[in-house]
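Chain by chain, the residues:
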Amino acid sequence: MTKILVTGALGQIGSELTTKLIEVYGKDNVIATDIKNPKDNHLDVTYRKLDVTDIETWSDLIKSNEITEVYHLAAMLSATAAKYPLKGWELNTAPLLGLLNMANDLGIEKIFWPSSIAVYGRDAVKDFTPQGSRKNPQSLYGIAKVSGEGFCELYNKEYDVDVRSIRYPGLISWKTLPGGGTTDYAVDIYYKALEEGYYSCFLSEDTELPMMYMDDAVRATIELMQAPKENISVHSAYNIHGTAFTPKQIAQEIKKHISNFEIEYNPDYRQRIADSWPHSINDDVANRDWGWKAEYDLEKMTKVMLEKLSDKLKKPYK
Ligand code: NAD
Ligand code: AKB
């Protein structure tokens, strides 16, 4: 019997991934946790307040609920981690190491932990970055993700912990707002296009970054976790490709639906982080090992984002 615990469940990915896990494994087999108070829980499932830096409470929760799979999503994203490096480092590294360290003793059969395209830095191949391209990130967040990937590889090789990971690109969704990332502009822009018809973008017009629609990201996560163990050849984290575009290209796509939409470019501190990341990702290895293939490109995603957000915000645009 699979019993799942999700950390950071009220965040951008957690909100949608937890809902999908409930659909796949049943409401009685999923526990959502986050540092937020129970009154902020919007998920229809058992919720426990948990700070993942408190390993003892985390371990008690896993033990008492006979948890077999942990999806560890709690983290600080790149832009916030650039502002609070010490806190970012502590949250993004030690809890993962703590979880891997207690996995075998607590009978955890599988762990999912997300990495990021931020592991690549200055010396990586920029276009369709291959799985094995050089990882010397220039952001604190990227350095923490490279360390996390190292922990996963170590605990898999030395202690046979079944931990699986994906290097998510920037994720785009309409249900929950992103929190403190460099790719957040690609969500904000849809809100502002509908609400104000204008967007001031914090990245320059030609900054190309790898991106993915949330439905693809959630599906990738479930497919990786359900893949047979013997198919998994990467124990650091898999590259996955969704789409890739610049602020100018997404603005042009939005203008096809909202013709008077206007954008200006006012790059800030996040530009340096974005400049150090790949433009697009090669995911041949994920495709070979567990059949990964994205379904959403910029055109299809823009159509869905505008339709869903227009309903949510009650801002008709047609
Ligand atoms: P998010 O910021 O939206 O959510 C993180 C959640 O963690 C929040 O709900 C927050 O309350 C919670 N949290 C913060 N500190 C905590 C603590 N000490 N204990 C428990 N919970 C705590 O982030 P997200 O976008 O959902 O990202 C989830 C994971 O995916 C992270 O590891 C992130 O690095 C990774 N990732 C995200 C993206 C993206 O575009 N969203 C891309 C690449 C990788
Ligand atoms: C961020 O911008 O920090 C995230 C990521 C790509 O890891 N969206």
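Look above for the structure.
A brief report on the enclosed structure follows. Just so it is clear, the model here is predicted, and its values are computed rather than measured. (Residues numbered from 1 in each chain as written. Chains lettered and ligands numbered in written order. Predicted model: local features only at pLDDT ≥ 70, side-chain atom pairs only at ≥ 80, totals over all residues. Heavy atoms only, no water.)

1. Comments concerning the environment of D216
When you line up the elements, D216 lands in helix α7 (residues 214-226). Under the relative-accessibility criterion, D216 is labelled buried at 0%. Sequence spacing of D216 and I250 is 34 residues, and the spatial spacing of their C-alpha atoms is 18 Å. Leaving out residues up to four positions away in the same chain, D216 has contacts with W292, A294, E295 and Y296. From its side chain, D216 meets the backbone nitrogen of E295 in a polar contact 2.9 Å long. (Helix = DSSP H or I, 4+ residues; strand = E, 2+ residues; numbered from the N terminus. Buried < 20%, exposed > 50% of the residue type's maximum accessible area, 1.4 Å probe, protein only. Contact = heavy atoms within 4.5 Å. Polar contact = N/O pair within 3.5 Å; in protein donor to acceptor, adjacent residues only side chain to side chain.)

2. Brief notes about the nonpolar core
Ranked by internal contacts, the top residues of the largest apolar core, which has 44 residues, are I172, Y185, Y190, F245, I250 and F261. At the level of secondary structure, the elements contributing two or more residues to this core comprise α6 (185-195), β10 (198-201), β11 (209-213), α8 (247-255), α9 (270-275) and α11 (298-313). Broken down by element, this core gets its largest block of residues, 8 residues, from α6. Here I250 is in contact with Y185, A186, I189, Y190, F245 and L298, once residues within four sequence places are set aside. Counting residues in each nonpolar core, the second largest holds 36 residues, with I22, Y168, I222 and Y238 among its members. (Core = buried A, V, L, I, M, F, W, Y, C linked by side-chain atoms within 4.5 Å.)

3. Quick look at the sheet that holds β11
A sheet is described by the order of its strands in space; here 3 strands give the open sequence β9-β11-β13, paired in mixed fashion. On the outer flanks of this sheet lie β9 (170-172) and β13 (243-245), each paired with one strand and no other. This sheet shows a mean twist of 40° between the axes of neighbouring strands, independent of strand direction. Here β11 pairs with β13 via 3 bridges, running antiparallel. (Pairing = 2+ DSSP bridges. Axes fitted to C-alpha atoms, helices over the stretch in contact; angles between N-to-C directions.)

4. A short note on the site of ligand 1
Near ligand 1 lie 26 residues; those nearest to it are Q12, I13, D34, Y141 and L171. Interatomic distance of 3.0 Å between a backbone N/O atom of V52 and a nitrogen atom of ligand 1. Calculation on ligand 1 without its partners gives an accessible area of 830 Å², and the protein chains cover 91% of this total. Counting only elements with at least two residues in the shell around ligand 1, the list comes to α1 (12-25), β6 (115-116), α5 (140-159) and β9. When the residues that make up the shell around ligand 1 are grouped by side-chain class, the tally is 15 nonpolar, 7 polar and 4 charged. (Near = heavy atom within 4 Å. Areas by Shrake-Rupley, 256 points an atom, 1.4 Å probe, with all protein chains shown as cover. Nonpolar A, V, L, I, M, F, W, Y, C, P; charged D, E, K, R; others polar.)

5. Remarks on the environment of N266
Within the secondary structure layout, N266 lies in the loop between β14 (262-265) and α9. For N266, a relative accessible area of 42% corresponds to the partly exposed category. Spatially, the C-alpha atoms of N266 and C201 are 5.8 Å apart, while their sequence positions differ by 65 residues. Beyond its immediate chain neighbours, meaning those up to four positions away, N266 contacts S200, C201 and F202.

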